[in-house]
Amino acid sequence: MKLDLKKLKLREVNEQLQSIDRKINDRDFTIINPEGNHAVCAGLTEELNINIKGHVGYYCAGMNQKANITIEGNVGTGVAENMMSGKVHVKGNASQSAGATAHGGLLVIDGDASSRCGISMKGIDIVVKGSVGHMSGFMSQAGNLVVCGDAGEALGDSLYETNIYIRGKVKSLGADCVEKKMDIKHIKKLSLLLKKANIKNHNAENFKRYGSAKKLYNFKIDNISNY
Amino acid sequence: MCGIVGIYLKTKKFEKNLGKMLSGMLNNMESRGPDSAGFAVYKNSDKKEYKYSLCINNLDFTKFKKDISKKIRNLKLNQYSDHIIVKTPEIPKKFIKLINKEFPEVSIVGYGRSIEIFKQVGNPKDVVKKFNLESFSGTHGIGHTRMATESAITTDGSHPYSTGEDECLVHNGSLSNHNNLRRELKKKGNTFTSENDTEVAAGYVSNSLSNNNSLKNTLVSGLKDLDGFYTFIAGTRKGFAVVRDEIACKPAVIAETKNYVAIASEFQAMAHLPDVNNAKIFEPEPGTVYSWGN
């Protein structure tokens, strides 16, 4: 079904997608003329396939559960923020705070993501085919952040249990973030994520893994300079 | 939160439509700044005269026209609601002195050989309509919708700020060292009409340009000297630039085609621009100056 945001109000489109009858089999939607609107496809809870043709604004696919959303364009701040499950695929670039605080699901960005990608992520898997900006993975708690390009300054500052995999250069590491050994289990996990994101031209063995040195978990006076 | 927009035409194709393009962008940024709005439009002129953008506030236009015509012989006046564009060969130093002395209720919004500048409190849609922005043509333009945070909702507190000939600046963000910088600039001879932080940034740019620095180099040194959160769009007679601070919390998107460069706080402000879906769309990198023209 085609939904035209030039003819329908954003709220009408979101309400229709949020209140899908569970018995209905027709679950494919195309949204045209998004024109940079904010909160397109926010709060979906059912298994739907949605194709958005064009650029969107902030918080696209926020709080997503189960839905499979593809954006054929760029996204603004906070795409898939607080996602619980499902898949969000951005074919263009993403602005700051992509996948912020998200608990689950998969976010794939074909282009670059700017600053604070995966900030405070809590279990989501994020795969960026391009590069990420500064402070990516800031205070991230669980899940995986995969970057095929480079990472900006202060990567993984104050992170907890998230694994960060970077193929290119890292401008600098944030407080308490260190490079860690790539074990077989990590290569296996990363290979799986690359496969899920349909990336065939990169080998998991060429990535470096970064994680928490765990020095900031509890306050120690010796670590005062790290705070 | 504020909304900032700007458009710089690389070719002559859209010169007649500049006002229309800019007004669409401003209307769209109402959600980011409903308190006041303003815009500056640059239009090349071969004439050896100056254009003074004045806000006459509650003064009666007919009376103002009659009074000022007695003081200055060679002048033309165009009225746009409470703003007047005065065209005259009279040099800025003399003209500004005269206005300040004889017409204390009139504020000088800006002046130069190509800039025309308008700003007023109220909803951006009303402000755009009131000054009939759609009818303007030009080479580049800059606009602002304000959500006031650190100083009052007044015409003087509205953007764009113009503190030098054919210069203007709009700002989304807040500066933390503006009081110190204002004191330093005052010592160097800059004057300020408000308590607003952005006016200090505009003064900083004017001061640097008057020392023969380029707009680009001015903004590069501004990255060190201006402390706070900002995305700035700055304009000069032939130049146009954008810069974001190193932290880059304040948003900006650039869309570039072979005919124009457009900048806005959010993409939705540019969604109506011609051929925008085939434009190169990117976010300006933190702490990097992007400039066009000179």
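Residues numbered from 1 in each chain as written. Chains lettered and ligands numbered in written order. Predicted model: local features only at pLDDT ≥ 70, side-chain atom pairs only at ≥ 80, totals over all residues.

So, about the overall build of chain B. Per the secondary structure count, chain B includes seven helices and 15 strands. Relative to the compact-globule value of 19 Å for 294 residues, chain B shows a C-alpha radius of gyration of 18 Å, a close match. Expressed as lengths along the three principal axes of its C-alpha atoms, the size of chain B is roughly 55 × 40 × 35 Å. Within chain B, the proportion of its 294 residues that are buried is 49%. Once local pairs closer than 6 in sequence are excluded, the contacts in chain B between residues at least 24 apart make up 75%. (Helix = DSSP H or I, 4+ residues; strand = E, 2+ residues; numbered from the N terminus. Rg over C-alpha atoms; globule rule 2.2 N^0.38 Å. Buried ≥ 20, exposed ≤ 12 C-beta atoms within 10 Å, placed from the backbone. Contact = placed C-beta atoms within 7 Å.)

Moving on to the interface of chain B and chain A. Listed per partner, the contact involves eleven residues of chain B and 14 residues of chain A. Of the residues in the side of chain B that touches chain A, the class split is seven nonpolar, two polar and two charged. (Nonpolar A, V, L, I, M, F, W, Y, C, P; charged D, E, K, R; others polar.)

This part is about the packing of helix α5 (residues 178-187) of chain B against helix α6 (residues 197-210) of chain B. Residue and element names in this part refer to chain B. The interhelical angle for the contact between α5 and α6, taken along N-to-C directions, is 40°, at an axis separation of 9 Å. It follows that α5 is oblique to α6 by the angle criterion. Crossing angle aside, the handedness with which α5 passes α6 is left-handed. Along its contact with α5, which presents H178, L181, R182 and L185, the element α6 presents D197, V200, G203, Y204 and N207. For the contact of α5 with α6, a count of residues per class yields four nonpolar, three polar and two charged. (Axes fitted to C-alpha atoms, helices over the stretch in contact; angles between N-to-C directions. Parallel < 35°, antiparallel > 145°, perpendicular 65-115°, else oblique. Left-handed = near helix turned anticlockwise from the far one by under 90°.)

Quick look at the domain arrangement of chain B now. Residue and element names in this part refer to chain B. Parsing chain B into structural domains produces domain 1 (3-43 + 124-293) and domain 2 (45-113). On a C-alpha basis, the centroid separation for the pair domain 1 and domain 2 is 24 Å. Across the contact, twelve residues belong to domain 1 and twelve residues belong to domain 2. Within the side of domain 1 that touches domain 2, the residues separate by chemical class into three nonpolar, three polar and six charged. (Domains from an automatic or database assignment.)

The next thing to look at is the environment of R167 of chain A. All names here are of chain A. Residue placement: R167 occurs in the loop between β9 (163-166) and β10 (177-180). R167 sits 62 residues away from G105 along the chain, and the two C-alpha atoms are 22 Å apart. Apart from residues lying up to four places away in sequence, R167 is in contact with V147, C148, G149, H202, N206 and F207.

Residues and elements named next belong to chain B. For helix α7 (residues 215-225), every residue scored as buried is listed here: L215, T218 and L219. Looking down the long axis of α7, one finds its buried residues gathered within 90° of arc, a one-sided arrangement. Each element contacted by the buried residues of α7 is listed here: α6, β10 (228-235), β11 (239-244) and β15 (289-293). (Arc of directions from axis to C-beta.)

Below, the discussion takes up the packing of α6 of chain B against α7 of chain B. All names here are of chain B. Remark: α6 packs on α7, axes separated minimally by 10 Å, with the N-to-C direction vectors making an angle of 130°. The angle between the axes of α6 and α7 places the two elements in the oblique class. As α6 runs across α7, the sense of the crossing is right-handed. Contact residues: α6 offers Y204, V205, S208 and L209, while α7 offers L215, T218, S221, G222 and D225.

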